[in-house]
Amino acid sequence: MSHLSERPEKPVVGLSMPHESAALHVTGAALYTDDLVHRTKDVLHAHPVQVMSAHGRITALRTAPALAVPGVVRVLTGADVPGVNDAGMKHDEPLFPDEVMFHGHAVAWVLGETLEAARLGAAAVEVDLDELPSLVTLPEAIAAGSFHGARPVMTTGDVDAGFADSAHVFTGELRFSDQEHFYLETHAALASIDEAGQVFVQSSTQHPSETQEIVAHVLGLHSHEVTVQCLRMGGGFGGKEMQPHGFAAVAALGARLTGRPVRVRLTRTQDLTMSGKRHGFHAEWRIGFDADGRIQALEATLTADGGWSLDLSEPVVARALCHIDNTYWIPHARVTGRVARTNKVSNTAFRGFGGPQGMLVIEDIMGRCAPLLGLDPRELRERNFYRPGQSTPYGQPVVRPERIRAVWEQVKADAGLAEREREIAAFNAAHRHTKRALALTGVKFGISFNLTAFNQGGALVLIYKDGSVLINHGGTEMGQGLHTKMLQVAATALGIPPHKVRLAPTRTDKVPNTSATAASAGTDLNGAAVKNACEQLRGRLLQVAATQLGANASDVRIVDGFARTPGSDRELAWDDLVRTAYLQRVQLSAAGFYRTEGLHWDAQGFQGSPFKYFSHGAAAAEVEVDGFTGAYRVRRVDIVHDVGDSLSPMIDIGQVEGGFVQGAGWLTLEDLRWDAGEGPGRGRLLTQAASTYKLPSFSEMPEEFNVRLLENATEEGAVYGSKAVGEPPVMLAFSVREALRQAAAAFGPAGVAVELASPATPEAVYWAVQAARRAAGAADSVAGAEETVVGAAEAAVVAAEAVGSA
């Protein structure tokens, strides 16, 4: 076992501990960025001037009326920017634009003594616009050839030969929706300037170093003149990886120009209309199977709706391509990715970062094609699992593919699959207008940033004379429990009880050049860096202890806060050891660092090994569908998930549960709607609040929800043998969508595959049920068709979209 993954005697990691801020959360005492306003004197409030048009060129911007509003102090425009007027890393996101690119685009910001004064001032600003044509939907952009950014192509094997050797070839397409992050805390920033001109920004950001970089270049400063702190976030889910930078820059610019602290905090509607979502995708595909149902070849084009600017769309598409295989070996593949440019908010990172979109394509294909091949969907999936010695389409060997089947078989056993399937068959036979189904799907998700340079982490650990320990690390806490795990890692590495360790807020002046807390790599990177810093300190303390105990340093162990040597009853308490080290002038601070080894990636050739390892999981979901309305309920879910040797089991189980529910929301409930008409509201987001945007709640939770972590699953080469947990559970929710497909199909004849829209809302399920019921007549009307796909996404149309044997 490697040094990084080996656990010492009596480790604190592996214990179930409550979230380090749990008591603060439930009592309301936890402070978030906007709470700091009430502790800050003379704060000005910023309000955006939003233009309600999908696309147009600004011909005049009159701010004088705003300045006449009582309480308005200043209006910020592009003319005020001393540095670069851009809030994006691609330099395609003007902070103060002269061209409106989406409905609700902010073109100026008003600063007021009160938020109400700023709001009234923003309403008074006059904007003249020369309206321009707009592209609101993904099909419009595709038809117009509106694309930007890279167009990667992933190839393996000989695709033409693969199709020629296929006994069955199917074609199809899938369009699935974007998703709103809907974090509890909206975007917020609070900026101030000290007497030396140093800029200090409190920001709700997953990427403080990049927020620092953007603020610096907007203000024309160097990074050492800007400090960014993230106390904690009320949720992020990727939505606060790139998009906080502009809001922080507005606050910093206002503070720089007025000398007073400036607060930016979006209302829920502003957040929904101004910030990006998960990328909606369109996929066209062709797949070939041999006579036994094994995949021979895949050809696909994945198009992401990037919105008006690139943001993170290129790496999102790259990760979608890297995950289109999911748990299945595809010997011959050619998959193309592209980013459509539309007049909507710039879509961005969202939990899974393109992985869910890529995996949804192959899972949809498997679910649609299984009946056409005469196979149970579970059997089709099992036949195509990765086996030892096989590699992904981009060339990375799939190490330990047996984990795919291990979680799968464990779920089958836990769920009592065989017996329940018999019960479901009996229920369906007895109920004409209500059907049940049970689906099982798996997950293989790569862990690491696709951009190799981001796979590094830093930490600063301080030990004080009284034996207390303070940790600074580069990761941010958004409720996911990262800080809790870092406390456990530090306590384990130092050999002390966890109550002696405290976490400091994440700051750019403590740990520089950090990566975003994203890609599920927060624990891997920062945990290894914390461990590295603690081991430096422990090594120094062991020398001191050895002298005090009359032993060799290599023989001394620090366990439970005491230094001891084997075979001796002498011991030295941690606090005494630390004080002795101080008196001997031993350095009691250390900077830790970690870089993920073994990664390489050729972005141009789309080949390499971009991931440290793969996380695995499997879920079985049972649903019941009402044939009259399409309404459904999730009766039971069983999950087995691979997190290696868990650092904090209670935290990890919570992440699995939360990820699953968020994935189920994306796939079945959350339906973003935009006005695509030609009227004055074109491009307007219609689902601007929780009243019109359906989020999962208690009523959508599985009636029985069982989650188990895979046992005996140490991950070699990862911090204390653990694995990432943040993103992979999202894709476990494919089981719910596939169960809904199978339940809808149960209303029709056997052997017909039902196409299911995404999100699979009750309306979409109803149309799928109706299509299944009409399938027998439709099949008769398609002369000579051996295999038929029922098109439910177009409501009443039953189309033969998959053509038979090749």
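Procedures and definitions
Residues numbered from 1 in each chain as written. Predicted model: local features only at pLDDT ≥ 70, side-chain atom pairs only at ≥ 80, totals over all residues. Heavy atoms only, no water. Helix = DSSP H or I, 4+ residues; strand = E, 2+ residues; numbered from the N terminus. Rg over C-alpha atoms; globule rule 2.2 N^0.38 Å. Contact = heavy atoms within 4.5 Å. Areas by Shrake-Rupley, 256 points an atom, 1.4 Å probe, with all protein chains shown as cover. Lys, Arg positive; Asp, Glu negative; His and termini not counted. Charge placed at Lys NZ, Arg CZ, Asp CG, Glu CD. pLDDT = per-residue confidence, 0-100. Buried < 20%, exposed > 50% of the residue type's maximum accessible area, 1.4 Å probe, protein only. Pairing = 2+ DSSP bridges. Core = buried A, V, L, I, M, F, W, Y, C linked by side-chain atoms within 4.5 Å. Salt bridge = Lys/Arg side-chain N within 4 Å of Asp/Glu carboxyl O. Expected span 1.5 Å × (residues − 1). Phe/Tyr/Trp six-rings, centres within 6.5 Å; stacked < 30°, edge-to-face > 60°.

> So, the overall build of the protein chain: which residues are in play, and what are the values?
Of regular secondary structure, the protein chain possesses 20 helices and 31 strands. In terms of overall dimensions, the protein chain is globule-like: its C-alpha atoms have a radius of gyration of 28 Å, near the 28 Å expected for 806 residues. The principal-axis extents of the C-alpha atoms in the protein chain amount to approximately 90 × 80 × 50 Å. Here the contacts in the protein chain between residues at least 6 apart in sequence split such that 80% fall between residues at least 24 apart. With an accessible surface of roughly 28,900 Å², the protein chain has 52% of that area assigned to carbon and sulfur atoms. Each charge class in the protein chain can be summarised by its mean position, and for the 72 positive and 92 negative side chains these summaries are 4 Å apart.

> Talk me through the confidence of the model for the protein chain; I want residue IDs and the actual numbers.
Considering every residue of the protein chain, the mean pLDDT works out to 95; 96% of them sit at 70 or more. Here residues 782-806 is modelled with pLDDT under 50, and outside its nearest four sequence neighbours on either side it reaches 67 contacts, counting other chains as well.

> For the pairing of strand β13 (residues 281-289), give the residues involved together with the corresponding values.
Summarising burial for β13: 7 of the 9 residues are buried, a large majority. Examined bridge by bridge, strand β8 (residues 168-176) and β13 share 9 bridges and lie antiparallel to one another. Pairing of Glu173 across the sheet is with Glu284, part of β13. Note that β13 and strand β14 (residues 295-307) share 9 bridges and pair antiparallel. Directly across from Ile287, in β14, lies its bridge partner Leu298. Hairpin remark: β13 followed by β14, antiparallel, with 5 residues in the connecting loop; positive phi at Gly293, about 85 degrees.

> Describe the nonpolar core, naming the residues involved and giving the relevant values.
One finds Ile287, Phe289, Leu302, Val625 and Leu740 to be the most contacted residues of the largest nonpolar core, which totals 112 residues. Considering each element in turn, this core owes the most residues, 8 residues, to strand β27 (residues 613-626). The residues touching Phe289, leaving out its near neighbours within four places in the chain, are Ser166, Ala167, His168, Phe170, Arg294, Ile295, Gln296, Met366, Cys369, Leu373 and Leu380. Listed in part, the 53 residues of the second largest apolar core include Val461, Leu487, Ala529 and Ala581.

> Explain the pairing of strand β2 (residues 56-62) residue by residue, including any values.
Pairing between β2 and strand β4 (residues 99-100): 2 bridges, direction antiparallel. Looking at the pairing, Gly56 lines up with Val100 of β4. Pairing of β2 with strand β6 (residues 126-131) involves 6 bridges; the strand directions are antiparallel. Looking at the pairing, Arg57 lines up with Asp130 of β6.

> Report on the pattern of salt bridges, specifying residues and quantitative values.
Taken as a whole, this structure holds 55 salt bridges when the rule is applied. The partner of Lys500 in a salt bridge is Asp575, and the shortest N-O contact between them spans 2.9 Å. Taken together, the positions of Lys500 in the loop between α14 (482-494) and β19 (501-503) and Asp575 in helix α16 (residues 574-583) put the pair 75 residues apart, joining distant regions of the chain. Between Asp642 and Lys723 there is a salt bridge whose closest N-O contact spans 2.5 Å. Placement of the pair is Asp642 in the loop between β28 (632-641) and α17 (649-668) and Lys723 in the loop between β29 (704-709) and α18 (734-745), with a sequence separation of 81 residues. Across this residue pair, the class does not change: Asp642 and Lys723 are buried. In this structure, a network of salt bridges that share partners links the residues Glu363, Asp364, Arg368, Arg381, Arg737, Glu738 and Arg741.

> Describe helix α6 (residues 208-219), and please don't skip the residues or the numbers.
Taking 1.5 Å of rise per residue, 12 residues should cover 16 Å, and α6 covers 16 Å from first to last C-alpha, within 8% of that figure. Of all 12 residues in α6, 11 are buried; the element is thus mostly enclosed. Every buried residue belonging to α6 is among Pro208, Ser209, Glu210, Thr211, Gln212, Ile214, Val215, Ala216, His217, Val218 and Leu219, and all of these are buried. Considering only its buried residues, α6 is in contact with β10 (199-203), β11 (226-230), α7 (244-258) and β20 (506-507). Residue Gly220 follows α6 closely and has a positive phi angle near 70 degrees.

> Now, about unusual backbone geometry: what can you tell me, with residues and values included?
The general pattern is negative phi for most residues beyond glycine and trans for most peptide bonds. Looking along the chain, the bond that leaves Ser758 and enters Pro759 is cis, with omega of 10 degrees. By the element assignment, Pro759 lies in the loop between β30 (753-754) and α19 (762-773). Backbone geometry at Asp42 places phi at a positive 60 degrees, although glycine is not the residue there. What makes Asp42 partly exposed here is its relative accessible area of 44%. Phi at Asp560 takes a positive value of approximately 55 degrees, unusual for a residue other than glycine. Structurally, the position occupied by Asp560 is in the loop between β21 (557-559) and β22 (562-564). Residue classification places Asp560 among the partly exposed residues on the basis of a relative accessible area of 42%.

> Tell me about the packing of aromatic side chains, and name the residues and values.
Under the criterion given, the structure shown has 15 aromatic pairs. Centre to centre, the rings of Tyr328 and Phe385 are 6.3 Å apart; their planes meet at 10 degrees, and the pair counts as stacked. Taken together, the residues span a long stretch of sequence, with Tyr328 in the loop between α9 (313-322) and β15 (332-341) and Phe385 in the loop between α11 (377-383) and α12 (402-415) at a distance of 57 residues. With a centroid separation of 6.0 Å and an interplanar angle of 80 degrees, the aromatic rings of Tyr394 and Trp601 are classed as edge-to-face. Linking Tyr394 in the loop between α11 and α12 with Trp601 in strand β25 (residues 600-602), this pair joins segments that are 207 residues apart in sequence. Three or more aromatic residues joined by ring pairs make a cluster, and in this case those are Tyr394, Trp601, Phe606, Phe611 and Phe614.

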